[in-house]
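Fold and contact review
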Amino acid sequence: MSAVMITRKVRKWEKLPGKNTFCCDGRVMMARQKGVFYLTLFLITGTCALFFAFECPYLAVHLCPAIPVFAVLLFLFVMAMLLRTSFSDPGVLPRALPEEATFIEMEIEAANGNVPAGQRPPPRIRNVQINNQIVKLKYCYTCKIFRPPRASHCSICDNCVDRFDHHCPWVGNCVGKRNYRYFYLFTLSLSLLTIYIFTFDIVHVVMRSMNGGFLNTLKETPGTVLEVLVCFFTLWSVVGLTGFHTYLISLNQTTNEDIKGSWSGKNRGQNPYSHKNIFKNCCEVLCGPTYPSVLDRRGLLQEDTLISSSNPVPQTTKTTAPLIPNEHTPDDAKPSIAASAEKSASPKEEHPAATKVPPLASPETDAETSIAKERAH
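Now for a quick tour of the structure. (Residues numbered from 1 in each chain as written. Predicted model: local features only at pLDDT ≥ 70, side-chain atom pairs only at ≥ 80, totals over all residues. Heavy atoms only, no water.)

1. Here we look at the overall build of the chain
- Across its full length, the chain carries 10 helices and 11 strands.
- The buried share of the chain, reckoned over its 377 residues, is 34%.
- Across the chain, every contact between residues at least 6 apart in sequence was considered, and the portion connecting residues at least 24 apart equals 65%.
- Surface summary for the chain: the accessible area is close to 24,600 Å², and the carbon and sulfur share equals 62%. (Helix = DSSP H or I, 4+ residues; strand = E, 2+ residues; numbered from the N terminus. Buried < 20%, exposed > 50% of the residue type's maximum accessible area, 1.4 Å probe, protein only. Contact = heavy atoms within 4.5 Å. Areas by Shrake-Rupley, 256 points an atom, 1.4 Å probe, with all protein chains shown as cover.)

This is the structure:
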């Protein structure tokens, strides 16, 4: 048995820790739990398909032909924002390398000193100043780093996310620094689409009921009832979620900070990230620069693999060639022909030549010989 070291190049996303799934060679990044995300796609596409099938043909003819056109544009915008939120990196922070983690541990031990046995070591916290206010940076024992301001560790994805807002199962991803604006635009556009479909469903039922009656209208368009029920129950949650995030954006605050009460209460300080102006806060969150990903998911990484294998027996390939080389015989086959000729001649040289045995004399030949001798005498 022998071991062979093989070096191959792999993408960095294949070796990233955490509980994320990657598709399209690392271009798409999502959480592993995607069941609710598929439900979101089904509800949006199913409701819009029913609206386009039952209401749009009638409303385009009897009310306005621009109704289905605007519905299609709004539907495409909702789907684009949903996929952009779900398939992007929310701002995952890379974990510390082994050398970096060892260096950080040495710094912490040097700062804390020797802790007596039985006593709890002090918390691993660093203080930074932001807008004349002290902000604490907490140490992540999983990622082995001091998290930046407003970052938090997502227990579902098992990663630290910069400007962590929350983990949304409806989009199948975390909502953080890099995809928060797309999440807000998704909730806002979905609210408008829900209100739009719900309003024209009611208009469609009223217009048909004036001509053929309410019961006949429900029989002719059975999908309308289902659309009204879905939009009615969806409207309150989606519009309420949009209003809540509008409130957070106006304060330049995250859902995580609001739940923990980071900047509220008597003993809490003021929000150092707020500009004390609603317009400026909205511009920073929604119109700020697009931050690049720090993961380098599609970068190359060399991986050494140790493979144990037995020494194979070398196999020789026998080639047949004509006994006499000719012009069609390849040059590399001619030496083998000569060697085979020498081997065939060598056994003849090793054995001595066979002695010739004279033929036995017949009786008639002996009689003729004796008569000749008598005449000679």
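2. Some words on the state of the cysteines
- Across all of its chains, the model carries 0 disulfides by this definition.
- Of the cysteine sulfurs around C168, a residue in no disulfide, the closest is that of C174, at 9.8 Å.
- We classify C168 as buried; its relative accessible area is 7%.
- Free cysteine C282: the closest other cysteine sulfur is in C283, separated by 7.0 Å.
- The class for C282 is partly exposed, based on a relative accessible area of 23%. (Disulfide = S-S within 2.5 Å.)

3. A closer look at a nonpolar patch on the surface
- Taken together, the side chains of V36, L39, F42, L43 and W170 define a hydrophobic patch exposed on the protein surface, amounting to about 470 Å² of accessible area.
- With respect to the element layout, F42 can be found in helix α1 (residues 35-62).
- With relative accessibility at 58%, the residue F42 sits in the exposed group. (Patch = residues over 30% accessible without salt bridge, like charges linked within 9 Å, V, L, I, M, F, W, Y side chains within 5 Å. Salt bridge = Lys/Arg side-chain N within 4 Å of Asp/Glu carboxyl O.)

4. Remarks on the packing of helix α4 (residues 180-212) against helix α6 (residues 223-251)
- One can describe the packing of α4 onto α6 by two numbers: an axis separation of 8 Å at closest approach and a directional angle of 145°. With respect to the hand of their crossing, α4 and α6 are arranged in left-handed fashion.
- Its residues assigned to classes, the contact of α4 with α6 comprises 18 nonpolar, 9 polar and 2 charged. (Axes fitted to C-alpha atoms, helices over the stretch in contact; angles between N-to-C directions. Left-handed = near helix turned anticlockwise from the far one by under 90°. Nonpolar A, V, L, I, M, F, W, Y, C, P; charged D, E, K, R; others polar.)

5. Here we look at the environment of L306
- As for its placement among the helices and strands, L306 is situated in strand β11 (residues 300-309).
- A residue is classified by how much of its surface remains accessible, and L306, at 58% relative accessible area, is exposed.
- When the C-alpha positions of L306 and T7 are compared, they lie 8.9 Å apart, and in sequence the two are 299 residues distant.
- When neighbours within four sequence positions are excluded, L306 is seen to be in contact with A3, V4 and M5.

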